[in-house]
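Structural characterization, general
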Amino acid sequence: MDLLCWSSVCLLILTFLSPKTLSMRYEVHSGQMKCISEDIHAKSMSVGKYFIVNPNDEHHPLPDSHKIIVQVMSPQGTMLHEADNTESGQFSFTASETGSYLACITAVGHKPETTLTIDLDWRSGVHSHDWSKVVKKSQVEMMESSVKSLLDTIVSIHEEMYYLHERGEEMHELNRSTNSKMALLSFLSLGVCLSVAGFQFWHLKSFFEKKKLI
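I will try to describe carefully the structure that is included in this document.

Conventions and cut-offs
Residues numbered from 1 in each chain as written. Predicted model: local features only at pLDDT ≥ 70, side-chain atom pairs only at ≥ 80, totals over all residues. Heavy atoms only, no water. Helix = DSSP H or I, 4+ residues; strand = E, 2+ residues; numbered from the N terminus. Contact = heavy atoms within 4.5 Å. Pairing = 2+ DSSP bridges. Axes fitted to C-alpha atoms, helices over the stretch in contact; angles between N-to-C directions.

With that out of the way, let us pick up the environment of serine 65. Residue position: serine 65 is located in the loop between strand S3 (45-52) and strand S4 (68-73). Sequence separation between serine 65 and serine 30 is 35 residues, and the spatial gap between their C-alpha atoms is 8.4 Å. Those residues within four positions of serine 65 in sequence are excluded, and the remaining contacts are His110, Thr114 and Leu116.

Spelled out as structure tokens, the structure:
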């Protein structure tokens, strides 16, 4: 009897101290939500990944109707992870308090209605350590992608500025050339006007001399 009680106590202790692992696959209909709760102790590392099971061959893309909204919340309702219109993703956090943490997955509404199969693997405690490396690597890759995107944007802006500078130089050169041509045309116009005025003066003088008016 004592041995049986001792075994029961040991089993209870091991169950209480063992790290949590939640791996499941379930179905969600279009426009519906399903939430999963996990009791996590404070300061415990928790990681998870989720994805929509492809109803077709893995080499084919998912249908447009297969999109989900994912939200992971603390016991106080603080949003720890949120993703909209996604097919898969990962999340990680360190529990700030002991309590029931919630992961809610909503199938985006679609007509006609369809049923999505969701695969969710949520780990906390010791089981999360290996995954934390994967998550960190994923985060580094996301940061690297963001940096590359920013770099491409900077290069594009630099090229645009260089193009605008060249266009400015061309416009400046065109204005300078136009001003030079206008100045030359003004001098030519002035010369023609003076020539016509001189010719008219000579003609009038000759006319008055013939008439002996002067």
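The subject of this paragraph is the sheet that holds strand S7 (residues 99-107). Each strand in a sheet pairs with its neighbour through backbone hydrogen bonds, running either in the same direction (parallel) or in the opposite one (antiparallel). Taken together, the four strands give an open sheet; going across it, the order is S2-S7-S4-S5, and neighbouring strands pair in antiparallel fashion. Of all strands in the sheet, those bounded by a partner on one side alone are strand S2 (33-40) and strand S5 (79-86). In this sheet, neighbouring strand axes are inclined to one another by 10° on average, regardless of whether the strands run parallel or antiparallel. In terms of strand pairing, S4 meets S7 through six bridges, oriented antiparallel. Residue pairing across strands places valine 70 opposite isoleucine 105, the latter belonging to S7.

Another aspect to go through is the environment of serine 88. With respect to the element layout, serine 88 can be found in strand S6 (residues 88-94). With 35 residues separating them in the primary sequence, serine 88 and valine 53 have C-alpha atoms 9.4 Å apart. Leave out the neighbours within four places in its chain, and serine 88 touches Tyr50 and Phe51.

These values are about where atoms sit, not about what they do.
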